[in-house]
Amino acid sequence: MIGLLLCLPAALILAAGFVWPVLLLGRISFNRTNDMGAMEQAWTLETYARIVTDDFTWDLALNTITLSAGAAAAAVALALPVTLLIRSAPPRWRGLLALMAVAPLLVSGTARVVGWMAILGDQGMINAVLTGLGITSDPVRLINNLTGVRIGLTESLMPYCCLVLIAGMSRLDSRLEEAAATLGATRSRTFLRVTLPLAAPALAAAFALAFVLGVSAFITPRLMGGGRVFVVATEIFDLALETVDWPAASALAMLLLGTLIVAMVLRGVLSGRGAAR
Amino acid sequence: MKPGWFLRFAAICGYALLLAPAVLVFVISFSAGDFLNFPPPGFSLRWYAALIDNGQLMTALRNSALLALAVASIALVVGMPAAYAIARLEFPGRGALAGFLVAPLLLPTLVLGLALLLALQPARLAATWPGLMLAHAMVAVPFAVRIMTTAFGGVPKDLEEAAWTLGATRFQAALRVTLPLAAPGAIAAGALCFLVSFDETVISLFLVGPRLSTLPVEMFRYAESRTDPLVAALAMTLIGVALAVVLLVERLVGFTRAVGRN
């Protein structure tokens, strides 16, 4: 009983700041917005119907899913060589290399976006090099559009992928790769036939985590898209604070949560089946 | 197996992407120019001077630091007893509680921020200290509970039992034996909670107002509307605080050891 008592303060704070607000979010999603734009208490599916029948919602959903799937795939593809390098490095370098891979987690997302502005902007580093070499005369637009969001999102998801891959691949037996090499396999053949299959579960886990984080990412799409890239997260934010249509913001947030839960369950089922085989 | 040239090249590309933004922020923050252009036309400290002269941003910095201190204290005060119970005591619903106390981390901060806005605005708690403290506690308490559970779990139970045999009450033994031995974990947990609150942007964006704002929110708004190197100097300030906290903890207890035990 003393155990429950010791957990009580923490549980009460979470009840006030987590359980109650989330319940309220669910409740408000069933309210209606009248013609004046004010919220009316109700138990109705009107708001959900309004969102689901709006073509804009489906554009947003498609944008969000393709954007985060692409960024997650790119992040995993780049995190894999980083992880393999860390794994093959001499032990005294491993700690530093791993720290460098996850260090961006300590830097706030907005700060990293500022760095990208200096790299990708019209007068940024890349355009300075391109015009300096005479490859282009006009600056290439790399930010404040979808390209910028793709680059920024990939970078922001990479540290998470590195974390998952470092943890997942540290358990792989590197002697298997050495054995393949001894038996005459080339480097690329060893990678394709031994390393990649062994790393597959970790790669899938990294992709799933990056995808889920990408779908709900807000700072990078808003800042690197320059207000011109619309995803579900930016729409929820605008509905809540610009339009002040709380029922619509809540319903869209509930749909986002539902999608994420379905995605996680689906992944659980798929990986469970993979393990059983 | 030694890495081939292709793997090395791909890994360098990966590291370049990971580290380029922070490096560029560092360089541009010392720019003498008026824009976020590269290479900078010259180097100066003018944007750091402009930052110190900017009353609004300095107030936000003070707010963020105070808020982070308060949030870290709250998280430790409520998180430590809970972590002790989860690590040491047997009671019904222990597993469920352990899961519940880290559950807010599973929710996207965007959804959590919206939910907190809906709950705090009608209660007139949005853009107030109690409101922001409660909101930030939702992301700090789970970290405190998780790290402290590991820290308490790492202290041998025999020591506490020996204290009982020597006549200490259970409370005395927990307070005088286990807690001091778990202190490195508590320092690491406090530092992490401080940083989580100090860097928190998305939840704060829903809850701040003209009366009360935080540094990450001000930086977000600045980056949204303007592109001069002041925002880079601001970003460096945030990075500097994060680095200082990590180094301080490293000096005190060894961050990697304190956090890396789980």
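Bear in mind the structure is a predicted one, so any value in this text is a computation, not a measurement.

## Focus on the overall build of chain A
Link 1 in the chain: Along the backbone of chain A there are 12 helices and 2 strands.
Link 2 in the chain: Secondary structure elements in chain A, listed N-terminal to C-terminal, are α-β-β-α-α-α-α-α-α-α-α-α-α-α.
Link 3 in the chain: Considered along the principal axes of its C-alpha atoms, chain A spans approximately 75 × 70 × 35 Å.

## Looking at the overall build of chain B
Link 1 in the chain: For chain B, the helix and strand inventory stands at 13 helices and 0 strands.
Link 2 in the chain: Scanning chain B from its N terminus toward the C terminus, one meets helices and strands in the order α-α-α-α-α-α-α-α-α-α-α-α-α.
Link 3 in the chain: Along the first, second and third principal axes, the C-alpha atoms of chain B reach 70 × 60 × 30 Å.
Link 4 in the chain: When burial is assessed residue by residue, chain B has 49% of its 262 residues classed as buried.

## A word on the confidence of the model for chain B
Detailed reading of the predicted model is not advised wherever pLDDT is low.
Link 1 in the chain: Of the residues in chain B, 96% reach a pLDDT of 70 or more, and the chain-wide mean stands at 91.
Link 2 in the chain: Scored as a whole, the predicted complex attains pTM 0.92, and scored at its interfaces, ipTM 0.92.

## Looking at the packing of helix 3 (residues 55-88) of chain A against helix 7 (residues 146-169) of chain A
Residue and element names in this part refer to chain A.
Link 1 in the chain: Taken N-terminus to C-terminus, the directions of helix 3 and helix 7 make an angle of 45 degrees; their axes are 6 Å apart at the nearest point. Regarding the angle of helix 3 to helix 7, the classification is oblique. Seen from above, helix 3 lies across helix 7 with right-handed handedness.
Link 2 in the chain: For the contact of helix 3 with helix 7, a count of residues per class yields 20 nonpolar, 4 polar and 2 charged.

## Let's talk about the interface of chain B and chain A
Link 1 in the chain: With 70 residues of chain B at the contact, the number on the chain A side is 72 residues.
Link 2 in the chain: Secondary-structure elements contributing two or more residues to the side of chain B that touches chain A are helix 1 (5-29), helix 3 (55-88), helix 4 (94-102), helix 5 (109-120), helix 6 (129-153), helix 10 (202-207), helix 11 (215-225) and helix 12 (230-252) of chain B.
Link 3 in the chain: Among the elements that make up the side of chain B that touches chain A, the one with the highest residue count is helix 1 of chain B (16 residues).

## What to know about the nonpolar core
Link 1 in the chain: In terms of nonpolar packing, the biggest core is built from 172 residues, with C161 of chain A together with L114 and V141 of chain B touching the most fellow members.
Link 2 in the chain: The element that contributes the greatest number of residues to this core is helix 3 of chain B, accounting for 18 residues.
Link 3 in the chain: For C161 of chain A, the contacting residues outside a window of four places in its chain are A75, V76, A79, A206 and A210 of chain A.

## Thoughts on the environment of A115 of chain B
Link 1 in the chain: Looking at the element boundaries, A115 of chain B is found in helix 5.
Link 2 in the chain: Among the residues examined, A115 of chain B registers 28 C-beta atoms within 10 Å and is labelled buried.
Link 3 in the chain: Look past the residues within four positions of A115 of chain B in its chain and what remains in contact with it is P21, V22, L24 and L25 of chain A.

## Considering the packing of helix 5 (residues 109-120) of chain A against helix 12 of chain B
The relative placement of two packed helices is expressed as an angle between their axes plus a distance between the axes.
Link 1 in the chain: At a minimum axis separation of 9 Å, helix 5 of chain A and helix 12 of chain B run at an interaxial angle of 140 degrees. When the interaxial angle is binned, helix 5 of chain A and helix 12 of chain B end up oblique. Our pair here, helix 5 of chain A against helix 12 of chain B, has a crossing hand that is left-handed. From helix 5 of chain A, T110, A111 and V114 of chain A reach across to helix 12 of chain B, where they touch V231, A232, A235, L238 and I239 of chain B.
Link 2 in the chain: Of the residues assigned to the contact of helix 5 of chain A with helix 12 of chain B, the class counts are 7 nonpolar, 1 polar and no charged.

## With respect to unusual backbone geometry
Link 1 in the chain: Cis geometry marks the peptide bond from F38 of chain B to P39 of chain B; its omega dihedral reads -5 degrees.
Link 2 in the chain: Residue placement: P39 of chain B occurs in the loop between helix 1 and helix 2 (46-53).
Link 3 in the chain: The phi torsion at N144 of chain A lies on the positive side, around 65 degrees, for a residue other than glycine.
Link 4 in the chain: Tracing the chain through its elements places N144 of chain A in the loop between helix 6 (125-132) and helix 7.
Link 5 in the chain: Using a count of 19 C-beta atoms within 10 Å as the deciding quantity, one classes N144 of chain A as partly exposed.
Link 6 in the chain: For R124 of chain B, which is not a glycine, the phi torsion comes out positive at approximately 60 degrees.
Link 7 in the chain: With respect to the helices and strands, R124 of chain B occurs in the loop between helix 5 and helix 6.

## Section: helix 1 (residues 2-28) of chain A
Residue and element names in this part refer to chain A.
Link 1 in the chain: Between its first and last C-alpha atoms helix 1 spans 37 Å; for 27 residues at 1.5 Å apiece the expected length is 39 Å, and the two agree.
Link 2 in the chain: Of all the bends in helix 1, the largest measures some 45 degrees and sits at A15.
Link 3 in the chain: Of all the residues in helix 1, the buried ones are G3, L6, C7, A10, I13, L14, G17, F18, P21, V22, L25 and I28.

## With respect to the environment of L89 of chain B
Link 1 in the chain: With respect to the helices and strands, the residue L89 of chain B is situated in the loop between helix 3 and helix 4.
Link 2 in the chain: Taking the C-alpha atoms as reference points, L89 of chain B and A135 of chain B, 46 residues apart in sequence, are found 29 Å from one another.
Link 3 in the chain: For L89 of chain B, the contacting residues outside a window of four places in its chain are I2 and G3 of chain A.

How each quantity is defined
- Residues numbered from 1 in each chain as written.
- Chains lettered and ligands numbered in written order.
- Predicted model: local features only at pLDDT ≥ 70, side-chain atom pairs only at ≥ 80, totals over all residues.
- Helix = DSSP H or I, 4+ residues; strand = E, 2+ residues; numbered from the N terminus.
- Buried ≥ 20, exposed ≤ 12 C-beta atoms within 10 Å, placed from the backbone.
- pLDDT = per-residue confidence, 0-100.
- Axes fitted to C-alpha atoms, helices over the stretch in contact; angles between N-to-C directions.
- Parallel < 35°, antiparallel > 145°, perpendicular 65-115°, else oblique.
- Left-handed = near helix turned anticlockwise from the far one by under 90°.
- Nonpolar A, V, L, I, M, F, W, Y, C, P; charged D, E, K, R; others polar.
- Contact = placed C-beta atoms within 7 Å.
- Core = buried A, V, L, I, M, F, W, Y, C linked by C-beta atoms within 7 Å.
- Expected span 1.5 Å × (residues − 1).
- Bend = angle between axes of the 7 residues up to and from the residue.

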